[in-house]
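Residue-level structure breakdown
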Amino acid sequence: MKWKTKGSLIASALLASMIAAGCTEEDVQVVDSEQSTAETETTETAASETPAVVVKGDTINSHFQADAVCVVDSRFERGHSIVFRANVIDSKTNETIEDAKVKVVLGNGEEYEMKMGPHGEEGTILWTVLWTIPDDFPTGTLDYKIIADVDGTEYTHEPFNVSLSKLTILEKGAEEKLTAEAKAAAEAKAQEEAEGGGENAEQQPADGEGDA
């Protein structure tokens, strides 16, 4: 009897310990769950308050180049004027962030502030700045980036790192020279094809010739 009583007491103690341990574990899980929920809510709130900003940009011919006004281009001669354009968009609402501060930074370190305004027949809100290439500016590719400051945070647009499509500065008259060379090459090819066609025609038998 004494052994059974002692065993019962031990079993009761173990059961109470297990229950106590279970309660403690459950309490800890509840605390962790509450903390996790609070952290998740804080993160979601912060994410919802921070705009997902997208900066877009390109380069176009200025109104001084009457034959190509507002045409997107990446090749400009010395003395030409480049218009840098940009838009700053909140991707969540797809609306322009009009209180952004925007500038273009050239690869040589020069910076130019861009001004916002409506453009084109559609009245699209864009930031723009016109830069005239100095006559002694180095030729070759010119890196640039457009930086938008939104509530103290900077967001950047940079063109693709593809050499053939990068902004390129040419010597004066280079475009005309390239156009003339391309035209001459096209005419030479057409002449060669025409002469080749004539030779082939001479080699072909006339109608009825060669018939058995």
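Notes on the structure in this doc start here. (Residues numbered from 1 in each chain as written. Predicted model: local features only at pLDDT ≥ 70, side-chain atom pairs only at ≥ 80, totals over all residues. Heavy atoms only, no water.)

1. Overview of the pairing of strand 10 (residues 144-150)
Here strand 10 lies mainly inside the structure; five of its seven residues are buried. Sheet topology note: the strand 5 (residues 101-106)/strand 10 ladder contains six bridges and is antiparallel. Considered in strand 10, the bridge of Val 102 is made with Ala 148. Looking at chain direction, strand 10 and strand 11 (residues 153-157) are connected through five bridges and run antiparallel. Along strand 11, the bridge assignment pairs Val 150 with Thr 153. Linking strand 10 back to strand 11 in an antiparallel pair, the connection comprises two residues, with Asp 151 at a positive phi of about 55 degrees. (Buried < 20%, exposed > 50% of the residue type's maximum accessible area, 1.4 Å probe, protein only. Helix = DSSP H or I, 4+ residues; strand = E, 2+ residues; numbered from the N terminus. Pairing = 2+ DSSP bridges.)

2. A look at a nonpolar patch on the surface
A surface patch of nonpolar side chains, about 400 Å² in accessible area, is lined by Phe 160, Val 162 and Leu 164. Take Leu 164: it is sitting in the loop between strand 11 and strand 12 (168-170). (Patch = residues over 30% accessible without salt bridge, like charges linked within 9 Å, V, L, I, M, F, W, Y side chains within 5 Å. Areas by Shrake-Rupley, 256 points an atom, 1.4 Å probe, with all protein chains shown as cover. Salt bridge = Lys/Arg side-chain N within 4 Å of Asp/Glu carboxyl O.)

3. Thoughts on the environment of Glu 175
Looking at where Glu 175 falls in the secondary structure, it is placed in helix 2 (residues 174-203). Under the relative-accessibility criterion, Glu 175 is labelled partly exposed at 26%. On a C-alpha basis, the gap between Glu 175 and Phe 76 in space is 8.4 Å, while along the polypeptide they are 99 residues apart. With residues up to four places along the chain from it excluded, the contact list for Glu 175 reads Arg 75, Glu 77 and Leu 170. (Contact = heavy atoms within 4.5 Å.)

4. So, unusual backbone geometry
In most cases, non-glycine residues show a negative phi, while peptide bonds are predominantly trans. For Asn 94, which is not glycine, the phi torsion reads 60 degrees and is therefore positive. Following the sequence through the fold, Asn 94 ends up in the loop between strand 3 (81-90) and strand 4 (95-96). Judged by relative accessible area, Asn 94 falls into the exposed class, the value being 64%. Even without glycine at this site, Asp 151 takes up a positive phi of about 55 degrees. Here Asp 151 lies in the loop between strand 10 and strand 11.

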